[in-house]
Amino acid sequence: MRTVHQLRRQVREGLTSGRRQVGTFVKLASPDVVELAGRAGLDLVVVDLEHSTLTEYDAIGLVRHAALCGIPALVRLPEVDAPLVARLLENGAAGIQLSTLRSAAETARLRDACRFAPAGARSVSLANRAAGFGSVPLADFLQIEAADPPLLVGQIETRVEEPLVDVVRGLDVAFVGTTDLAVSLGLPAPAELADAVAAVRSAADEAGAAFGGWTGALADADRLGLAAASYVLVSSDLQLLAHGLRAVVPEEEA
């Protein structure tokens, strides 16, 4: 079984190697979903605690099963909740994906919740899965964490008043949420939305972060301005299930 630190390193190496990391959102509580994602060859999954009925208990179960299957699992949160972040990381989450990121201060709060001092303010415990349930000495665990810290992904999906480069600096991935961004901009013409997506990509490049985004189908990634994205989430388990179910119904009966 690979450790969470090895899984984090696996994603980071993928982001820097030029090999696109492809995953999907997980909204269903069944561990079969993350196992199927790994068997299908996806690089990662993102357990969704924003747009789903999953509980914290569900999310922890999915994260732990994903690790057993050798697939990194991040968790999407709607806000920085430091105690919740700690519990998710202690149970093997590869990182945290924060939605609706609007400011450099929010990015700093995310970093503080995910990093131990002096890089952050996360509370330390060794009585958990990520720390080998106390089998790893404190100094060694802190060194391991510093070498392969949790992945930080921030979603830009609204108008941002601060310079984008300041907001995404310190993230592993600057992720553009095209659906919410389009709504935030008043469903603009395609060219205006493309400019907004390009601005996120430019900020990511300048800040030294990877560029990422969501698409309903991988074939649509280029059209959505994600041709250069090295972190792409495709649809979700619910959407993929719905698509598969519709595909079995004869067209004349649908």
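An account of the accompanying structure is given in this report. (Residues numbered from 1 in each chain as written. Predicted model: local features only at pLDDT ≥ 70, side-chain atom pairs only at ≥ 80, totals over all residues. Heavy atoms only, no water.)

1. Re the sheet that holds strand S7 (residues 210–215)
This is how the line gets drawn: DSSP-based pairing: two strands are paired if at least 2 bridges between them are found. Every helix listed is a DSSP run of H or I at least four residues long, and every strand listed is a run of E at least two residues long, numbered separately from the N terminus. Lines fitted to C-alpha atoms define the axes here, with helix axes fitted over just the stretch in contact, and angles between the N-to-C directions of these axes take values from 0 to 180 degrees. Note on definitions: a residue-residue contact is assigned when non-hydrogen atoms from the two residues lie within 4.5 Å.
Taken in spatial order, the eight strands of this closed barrel run S1-S2-S3-S4-S5-S6-S7-S8, and their pairing is parallel. Pairs of neighbouring strands in the sheet enclose a mean axial angle of 25 degrees, with direction left out of account. Sheet topology places strand S4 (residues 95–98) next to strand S5 (residues 151–156); four bridges connect them, and they run parallel. Bridge pairing in S5 links Gly95 to Leu151. Along the sheet face, helix H1 (residues 4–17) touches strand S1 (21–26), strand S2 (44–48), S5, strand S6 (173–176), S7 and strand S8 (231–236) and points at about 130 degrees away from the line of S1.

2. What about the packing of aromatic side chains?
To keep it simple, the criterion reads: Any pair of Phe, Tyr and Trp rings, taking the six-membered ring for Trp, is counted once the centres come within 6.5 Å. Such a pair is stacked with planes under 30 degrees apart, edge-to-face with planes over 60 apart, and tilted for the rest. Partly exposed describes any residue whose relative accessible area lies between the buried limit of under 20% and the exposed limit of over 50%, with all areas from a 1.4 Å probe on protein chains only and scaled to the type maximum. Consider the ring centre and the ring normal. A charge sits over the ring if Lys NZ or Arg CZ is within 6 Å of that centre and within 35 degrees of that normal.
Taken as a whole and judged by the stated rule, the model has two aromatic pairs. Ring geometry for Phe175 and Tyr231: centres 6.0 Å apart, planes at 85 degrees, overall edge-to-face. Within this pair, whereas Phe175 is found in strand S6, its partner Tyr231 is found in strand S8, the two being separated by 56 residues in sequence. Neither residue differs from the other here; Phe175 and Tyr231 are each classed as buried. When the ring centre of Phe25 is taken as origin, the NZ or CZ atom of Lys27, which lies over that ring, is 5.8 Å away. When the ring centre of Phe25 is taken as origin, the NZ or CZ atom of Arg76, which lies over that ring, is 4.1 Å away.

3. Observations concerning the packing of helix H2 (residues 31–40) against helix H3 (residues 56–69)
Using the following cut-off: To sort the angles, those under 35 degrees are grouped as roughly parallel, those over 145 as roughly antiparallel, those from 65 to 115 as roughly perpendicular, and the leftovers as oblique. A clockwise turn of the near helix away from the far one marks a right-handed crossing, whereas an anticlockwise turn of less than a right angle marks a left-handed crossing. Amino acid classes used here: Ala, Val, Leu, Ile, Met, Phe, Trp, Tyr, Cys and Pro are nonpolar; Asp, Glu, Lys and Arg are charged; the rest, including Gly, are polar.
Running from N to C, H2 and H3 cross one another at 30 degrees; their axes reach a closest spacing of 9 Å. Between H2 and H3, the angle falls in the class roughly parallel. H3 is crossed by H2, and the crossing has right-handed handedness. Between H2, through Pro31, Val34 and Glu35, and H3, the contact on the second element is made entirely by Leu62, His65, Ala66 and Cys69. Residue composition of the contact of H2 with H3, grouped by class: five nonpolar, one polar and one charged.

4. With respect to the environment of Val173
Relative to the helices and strands, Val173 is located in strand S6. The sequence separation of Val173 and Pro31 amounts to 142 residues, and the corresponding C-alpha distance is 26 Å. Contact partners of Val173, with chain neighbours within four places excluded, come to Leu15, Leu152, Val153, Gly154, Ala210, Phe211, Gly212 and Tyr231.

5. A few points about the pairing of S7
Burial of S7 is extensive: five of the six residues sit out of reach of the surface. Pairing between S6 and S7: four bridges, direction parallel. Bridge pairing in S7 links Val176 to Gly213. In this sheet, S8 lies alongside S7 in parallel orientation, the contact comprising four bridges. For Thr215, the partnering residue across the bridge sits in S8 and is Val234.

6. Topic: the pattern of salt bridges
Where charged atoms from two side chains of opposite charge approach closely, those side chains can pair. Which entries qualify depends on this criterion: Any Lys or Arg side-chain nitrogen found within 4 Å of a carboxyl oxygen on Asp or Glu counts as a salt bridge.
What the rule picks out here adds up to 13 salt bridges. For the salt bridge of Arg12 with Asp172, the shortest nitrogen-to-oxygen distance reads 3.1 Å. Here Asp172 lies in the loop between helix H7 (164–168) and S6 and Arg12 lies in helix H1, a separation of 160 residues in the sequence. Its relative accessible area of 18% is what places Arg12 among the buried residues. A relative accessible area of 16% means that Asp172 is categorised as buried. Of the charged contacts in the structure, one is a salt bridge between Arg223 and Asp220, with a shortest N-O distance of 3.9 Å. Residues joined in a network through salt bridges with shared partners are Lys27, Asp48, Glu50 and Arg76.

7. A few points about the pairing of strand S3 (residues 73–77)
The cut-off we apply is this: We call a crossover right-handed when, viewed with both strands directed away from the observer, the connection leading from the first strand over the helix to the second proceeds clockwise.
Burial runs high along S3: five of the five residues are buried. As paired elements, S2 and S3 share four bridges and run parallel to each other. Looking across to S3, one finds that Val47 is bridged to Val75. Handedness of the crossover joining S2 and S3 through H3 is recorded here as right-handed. Note that S3 and S4 share four bridges and pair parallel. If you follow Leu77 over to S4, its bridge partner there is Leu98.

Read these as layout, nothing more, since geometry by itself doesn't imply function.
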